[in-house]
Amino acid sequence: MTAKITQFLAEQRPETPCLVVDLDIIADNYDALRRFLPVAQVFYAVKANPAKEVISLLVGLGSCFDTASRPEIEQVLAAGASPDRISFGNTIKKQKDIAWAYEQGVRLFAFDSEAELQKLAQSAPGAKVFCRLLMTCEGAEWPLSRKFGCDAEMARDLLIKARDLGLEPYGISFHVGSQQTRLDQWDIAVGKTAMLFTALNEAGIELKMINLGGGLPARYRDDVAPVDDYASAIMNAMTKHFGNDLPLMIVEPGRSLVGDSGIIEAEVVLISRKSYDEDVRWVYLDIGKFGGLAETMDESIKYRLQAPGEGPSGPVVLAGPTCDSADILYEKYQYQMPLSLKVGDKVRILATGAYTTSYSAVNFNGFEPLKAYYV
Ligand SMILES: *Cc1c(COP(=O)(O)O)cnc(C)c1O
């Protein structure tokens, strides 16, 4: 909760639910990352919060951008970034979108399969390509699982193939899983990457870049290590496995840059019980899974909540307002709220600057997408 956000909510009294983002926090987070990890180039993962205010701010601060689609690339270009500051980092791209990005001047592309490599060879000749390694994502609260990446043996073969197809085998990427709480995960990943650098060297290919992905956390209910601890863990892993001969380093933070910059203000729509002898109150808010809180899926991300009122608290199940039974935020993990809570009270959901607006449905059950204000 920053003074700017508090003041905005007090003066403007916007309709709920809404997200209010303090852009200064994003600038501070960006500066801190640059300070603690000065040798790495920052590629902001646009999907975390694609608002034009956020992108423009980061263009101005000198950031590069990790993009996943043509519209994301268009947004970044429209905000004034040159195409050499853009990575097309999705490993699943349509051929026509690759061709379009290449035409715009984008020259850095991700892949994790032979079929994607063939598309790149055809539509992005000579481009720099990097192969994404499969990770286990242990310790991540929002794991990216087996969907992305291939194993090291395949990565080696594909990077050799990239050269043979006329592309520039440029480097290796990985993502240790989002909201990663275990600092040792980078050590494992950097170790695997260094072994691949060696294996490719033996095949006559000198890779130049390691893309360390995202995964740095925002602070939700549980404390997390500060960004400088993550930066030292990453640097220690780099020097341990690469010695003094460090390749070009890229990081792709999303959550850690924008997560704690915003808060959602929501309203209590209904409080009820399921029977006379149950203590647990059901608290229905005007925002749920489909309104922007998709990361509560399986109760993965546990947001910090602020409800008004003092005095004793009791257990609650929190749910959204839609007519879908999946629209329950927290049931297993029991949140507590004041017993004095009443319909119409405002509840604040902290650290919701990342993965909220970009996840909110356009019109499910007639509810509008999450409104956002950037101050
Ligand atoms: C989503 C994503 C990121 C950002 O991850 P965070 O955990 O939010 O920092 C970075 N790189 C890629 C390729 C991604 O898909």
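These numbers were taken from a predicted model, which means no experiment stands behind them. (Residues numbered from 1 in each chain as written. Predicted model: local features only at pLDDT ≥ 70, side-chain atom pairs only at ≥ 80, totals over all residues. Heavy atoms only, no water.)

A.B. asks: I'd like to hear about helix α4 (residues 70–78), residue by residue, with values.
C.D. replies: Listed in full, the buried residues belonging to α4 are Glu72, Ile73 and Val76. Viewed end-on, α4 has its buried residues packed into an arc of 100 degrees, placing them on one side of the element. Residues of α4 that are buried make contact with α3 (52–61), β3 (64–67), β4 (86–88) and α5 (95–104). (Buried < 20%, exposed > 50% of the residue type's maximum accessible area, 1.4 Å probe, protein only. Helix = DSSP H or I, 4+ residues; strand = E, 2+ residues; numbered from the N terminus. Arc of directions from axis to C-beta. Contact = heavy atoms within 4.5 Å.)

A.B. asks: Break down the packing of aromatic side chains for me, with residues and values.
C.D. replies: Taken as a whole and assessed by the stated rule, the structure comprises 11 aromatic pairs. Ring geometry for Phe88 against Phe109: centres 6.1 Å apart, planes inclined by 40 degrees, an arrangement best described as tilted. A residue pair is termed long-range when its members are at least 10 positions apart, and Phe88 in strand β4 and Phe109 in strand β5 (residues 108–111) qualify at 21 residues. Here the aromatic cluster, defined as three or more aromatic residues joined through ring pairs, consists of Tyr330, Tyr333 and Tyr335. Positioned above the aromatic ring of Phe36, the side-chain terminus of Arg35 is 5.2 Å from the ring centre. Here the basic side chain of Arg221 rests over the ring of Tyr335, its NZ or CZ set 4.4 Å away from the ring centre. (Phe/Tyr/Trp six-rings, centres within 6.5 Å; stacked < 30°, edge-to-face > 60°. Lys NZ or Arg CZ within 6 Å of the ring centre and 35° of its normal.)

A.B. asks: Describe empty space enclosed by the protein, listing the residues and the values that go with them.
C.D. replies: Summed over all chains, the structure comprises one cavity of 30 Å³ or more. By volume, the largest cavity amounts to about 40 Å³. Arg132, Leu133, Leu134, Met135, Cys137, Leu144, Ser145, Phe148 and His175 together form the lining of the largest cavity. In terms of residue class, the lining of the largest cavity is built from six nonpolar, two polar and one charged. (1 Å grid on protein atoms, 1.4 Å probe; cavity = no way out; pocket = protein on both sides within 12 Å on 5 of 7 lines; lining within 4 Å. Points joined across faces, edges and corners; volume = space filled by probe spheres on them. Nonpolar A, V, L, I, M, F, W, Y, C, P; charged D, E, K, R; others polar.)

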